[in-house]
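Results of the structural survey
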Amino acid sequence: MLIREQSSGNTDTGYGRRLSGVFESLVRRKLVDSDNVTRENHHQLAKKLSALDLVAIGVGATIGAGVYILVGTVAREHAGPSLTISFFVAGVAAALSAFCYAELACRCPSAGSAYHYTYICVGEGVAWLVGWALILEWTIGGSTVARGITPNLALFLGGEDKLPAFLARISIPGLGIVVDPCAAILIFIVTALLCIGIKKSSLAQTIVTTVNVCALLFITAVGGYLGFRDGWVGYELPNGYFPFGVNGMFAGSAVVFFSYIGFDSITSTTEEMKNPQRDLPLGIGLTMLICSILYMLVSTVIVGLVPYYALDPDTPISSAFASYRVHWATYIITVGAVTALFASLLGSILPQPRILMAMARDGLLPSIFADINKHTQVPVKGTIITGLFAAALAFFMDVSQLAGMVSVGTLLAFTTVAISVLILRYVPPHESPLPSSLQEAINSTLSQLDGESLETAVGDSAGICENNIQDSSDKGNDVLAYPLIERAVSREEKRRKTAAWAIALVCVGVLIVTFTASAKYLPSIPRFTSCGVGGVLLLGSLIVLASLDQDDTRHSFGHTGGFACPYVPFLPVACILINTYLLIDLGLATWIWVSVWFAIGALVYVFYGRTHSSLVNAVYVRSDYVNEIYRSSDHVA
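Residues numbered from 1 in each chain as written. Predicted model: local features only at pLDDT ≥ 70, side-chain atom pairs only at ≥ 80, totals over all residues. Heavy atoms only, no water.

With an unreviewed UniProt entry as reference, the chain is termed Cationic amino acid transporter 4, vacuolar-like, source organism Momordica charantia. What UniProt records for the chain under Sequence similarities (unreviewed entry) is the sentence "Belongs to the amino acid-polyamine-organocation (APC) superfamily. Cationic amino acid transporter (CAT) (TC 2.A.3.3) family." (UniProt positions renumbered as here; feature names shortened; annotations may be inferred.)

**With respect to the side chain of Thr62**
Within the secondary structure, Thr62 sits in helix H3 (residues 51-62). What makes Thr62 buried here is its relative accessible area of 5%. Ignoring any residue separated from it by four or fewer positions in sequence, one finds Thr62 in contact with Ser259, Tyr260, Ile261, Gly262, Phe263, Thr287, Cys291 and Tyr295. (Helix = DSSP H or I, 4+ residues; strand = E, 2+ residues; numbered from the N terminus. Buried < 20%, exposed > 50% of the residue type's maximum accessible area, 1.4 Å probe, protein only. Contact = heavy atoms within 4.5 Å.)

**Side note on helix H14 (residues 329-349)**
Under the 1.5 Å per step criterion, the end-to-end length of H14 is 31 Å for 21 residues, consistent within 8% with the ideal 30 Å. With 17 of its 21 residues buried, H14 lies for the most part within the structure. (Expected span 1.5 Å × (residues − 1).)

**Quick word on the nonpolar core**
Membership of the largest hydrophobic core comes to 156 residues, with the highest contact counts inside it found for Tyr68, Ile219 and Phe321. Ranked by the residues each element gives to this core, the list is headed by helix H17 (residues 404-426), at 14 residues. Domain assignment of the residues forming this core places at least three in each of domain 1 (44-428) and domain 2 (491-550). (Core = buried A, V, L, I, M, F, W, Y, C linked by side-chain atoms within 4.5 Å. Domains from an automatic or database assignment.)

**Quick look at empty space enclosed by the protein**
With a probe scaled to a water molecule rolled over the atoms, the places where space remains empty come into view. In this structure the tally under the stated criterion is one cavity of 30 Å³ or more. In this structure, the largest cavity occupies an estimated 40 Å³ of space. Lining the largest cavity are Tyr101, Ser113, Ala114, Leu134, Trp138, Asp264, Ser268, Pro351, Ile355 and Ala413. The set of elements that each furnish at least two residues to the lining of the largest cavity consists of helix H6 (113-121), helix H7 (124-157) and helix H15 (351-361). Of the residues assigned to the lining of the largest cavity, the class counts are seven nonpolar, two polar and one charged. (1 Å grid on protein atoms, 1.4 Å probe; cavity = no way out; pocket = protein on both sides within 12 Å on 5 of 7 lines; lining within 4 Å. Points joined across faces, edges and corners; volume = space filled by probe spheres on them. Nonpolar A, V, L, I, M, F, W, Y, C, P; charged D, E, K, R; others polar.)

**Examining the state of the cysteines**
Applying the stated criterion to the full structure yields zero disulfides. A disulfide-free cysteine, Cys100 has its sulfur positioned 4.3 Å from the sulfur of Cys565, the nearest such atom. Cys100 sits in the buried class, given a relative accessible area of 0%. (Disulfide = S-S within 2.5 Å.)

**What to know about the packing of helix H9 (residues 198-230) against H14**
At their nearest, the axes of H9 and H14 sit 8 Å apart, and the two run at 145° to each other. Two packed elements cross with a definite hand, and for H9 against H14 that hand is left-handed. On H14, the residues touching Ser201, Gln205, Val208, Thr209, Val211, Asn212, Ala215, Phe218 and Ile219 of H9 are Ala329, Ile332, Ile333, Val335, Gly336, Thr339, Ala340, Phe342, Ala343, Leu346 and Gly347. When the residues that make up the contact of H9 with H14 are grouped by side-chain class, the tally is 13 nonpolar, seven polar and no charged. (Axes fitted to C-alpha atoms, helices over the stretch in contact; angles between N-to-C directions. Left-handed = near helix turned anticlockwise from the far one by under 90°.)

**Regarding the environment of Ser530**
Here Ser530 lies in helix H22 (residues 524-547). Looking at Ser530, the relative accessible area reads 28%, which means it is partly exposed. Along the sequence, Ser530 and Phe515 sit 15 residues apart, while their C-alpha atoms lie 9.5 Å from each other. When residues no more than four places from it in sequence are discounted, the contact partners of Ser530 are Ile512 and Thr516.

**What about the packing of aromatic side chains?**
Aromatic ring pairs: the centre-centre distance and the angle between the two ring planes describe each pair. For the coordinates displayed, the defined rule picks out 21 aromatic pairs. Ring centres of Tyr101 and Phe414 lie 5.6 Å apart, and the angle between their planes is 80°; on these two criteria the pair is classed as edge-to-face. Within this pair, whereas Tyr101 is found in helix H5 (residues 83-107), its partner Phe414 is found in helix H17, the two being separated by 313 residues in sequence. Take Tyr101: its relative accessible area is 0%, and that puts it in the buried class. Geometrically, the ring pair formed by Phe257 and Phe258 is edge-to-face, given 5.9 Å between the ring centres and 85° between the ring planes. (Phe/Tyr/Trp six-rings, centres within 6.5 Å; stacked < 30°, edge-to-face > 60°.)

**Here's the deal with H3**
In this model, H3 (twelve residues) spans 16 Å end to end at C-alpha, consistent with the 16 Å of a helix rising 1.5 Å per residue. Here H3 lies mainly inside the structure; eleven of its twelve residues are buried. Buried residues belonging to H3 abut H9, helix H11 (264-267), helix H12 (276-305) and H14.

**A word on the side chain of Gln550**
Turning to its location among the elements, Gln550 is positioned in the loop between H22 and helix H23 (570-584). Here Arg425 takes part through its side chain, which lies 3.1 Å from a polar atom of the side chain of Gln550. Filtering out sequence-adjacent residues up to four positions away, Gln550 remains in contact with Arg425, Tyr426, Arg495 and Val568. (Polar contact = N/O pair within 3.5 Å; in protein donor to acceptor, adjacent residues only side chain to side chain.)

**Observations concerning a nonpolar patch on the surface**
On the surface, Phe156, Leu157, Leu203, Ile207, Val211, Tyr331 and Val335 cluster together into a nonpolar patch covering about 610 Å² of accessible area. Every element with two or more residues in the nonpolar patch is listed here: H7, H9 and H14. At three residues, H9 tops the list of elements feeding residues into the nonpolar patch. Summarising the element assignment, Val335 is placed in helix H14. Since its relative accessible area comes to 30%, Val335 is described here as partly exposed. (Patch = residues over 30% accessible without salt bridge, like charges linked within 9 Å, V, L, I, M, F, W, Y side chains within 5 Å. Areas by Shrake-Rupley, 256 points an atom, 1.4 Å probe, with all protein chains shown as cover. Salt bridge = Lys/Arg side-chain N within 4 Å of Asp/Glu carboxyl O.)

**Some remarks on unusual backbone geometry**
For the bond from Val568 to Pro569, the omega torsion is 15°, close enough to zero to count as cis. Among the structural elements, Pro569 can be located in the loop between H22 and H23. A positive phi is found at Ser113, a non-glycine position, where the angle reads about 50°. Position of Ser113 relative to the elements: it lies in helix H6.

Structure (structure tokens):
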């Protein structure tokens, strides 16, 4: 039978329940957004992106100019000739997150990416943190990339003195500030491009990404020719393929892992895809495959042409070709670097207004960010605001020292997405929020269903009584009517409760293990003891989780028919472990800056987001009854 529930204020409001307390607001969860958008008649984004567009956006956002520098730094300091294996291991680790993203994006095909999935599966409080961190990531990331284009453009033109005066960097005396007009202008160009429509901006991304990929293929082809012609001197070393040992190779993997960050920008455009269930897994998969192959090819060639210790840490590829007197290749390499930066800039600015739009739709940010232009069908106001802020930051500040903060948003998103997959599979939300304007329809529908369940129970008990008159007189009809149902419900509640505790303890175990592994300042005995306790907790909880049946309602949660993450719970738990370790290992200085940003975000949420949330007056009912309630409300209307 259904139960008349009450709000947190203990005032009888009819059927359903409301989450209005301070703590309750942090854990309230929303419906899949695409359903809300349709029912509330919001203007929707244009559905124009194909799988090819997604690959261009993903590859462009992922392969930045870092690969043109990273191969030298990591080879010299960590991996040596085993750099290729480092890229392979990092690609496999990044693919774990890609699998998790693919399932959630197919089930919840709406703008907002990790923020959206976390809001649906975990709750409003954690979703706000993820969204706030992603705002920081894309803003600083875009500004950093924009400032990196100026020196590469100067190198292509033959020096900084060859740059036009209006593009050259200018130092302001007495303030120690170096303004970068070129970076701001480039952000304005990208912003204008994004405002005219998603299809046109994806076409531009396809063009510059193609040029960048061709430059990397040129490096591979010409470098391979030089290597086979003169011998692979970089591999003929006395200290072998692993000069820093296997640990050095894995340390290199941790560094180059960040070169795979960017594929998540694809999921921010889910609402603009023609067929997200088909195209999104294909786009993510091809993006990861293309990036991994290109990274491995380039690293194989470069560390083979020149001994790893002789690579220039700043311009490893150009210096490697220069050592073979192929100076003209520098121009092609520089063109590749500039186009890579431009594609990465576009990939950084593109997701930002869509994250802001998703948060504004939910009431957590002002509604101006949710406005969608009727003609271009993109969030023009949010895009312009994002562009202005990023351009001002790139113009006045050298944000390279804040680059570590970019990784926090990505790794936090990767972690919460993996947790969301576990929640979706084992304890998916069984209640759905409905607007308080439907309270009359909720009361009408659920009271009717309540009465029908009572009549069914009485009818069943009467039938049983005919065959068990003596038993019914001793035990009563209620006991005969409900025992099997009550046992089934009891077993299901026990399974959900056990799964919820197992997921929570897995996260606690991961935190203990990763924090202890990173705390190298601790004495060895406490460190190993703590690591052992965390490991036992992690493995024990994982075994319990793996032994439980997954929830049957997962098949009907959100949109069905898309990609399903394999090897659950093992793959998501491995993803949580890897990303949490990288998060904790970012360093104290980075976390101090991030804490300041999160503190600002907490104030914004407490004084605006929590009270303006679209779920403030929402009535929660069992998900099984939502469609019936909406049909009832349509009938009444």
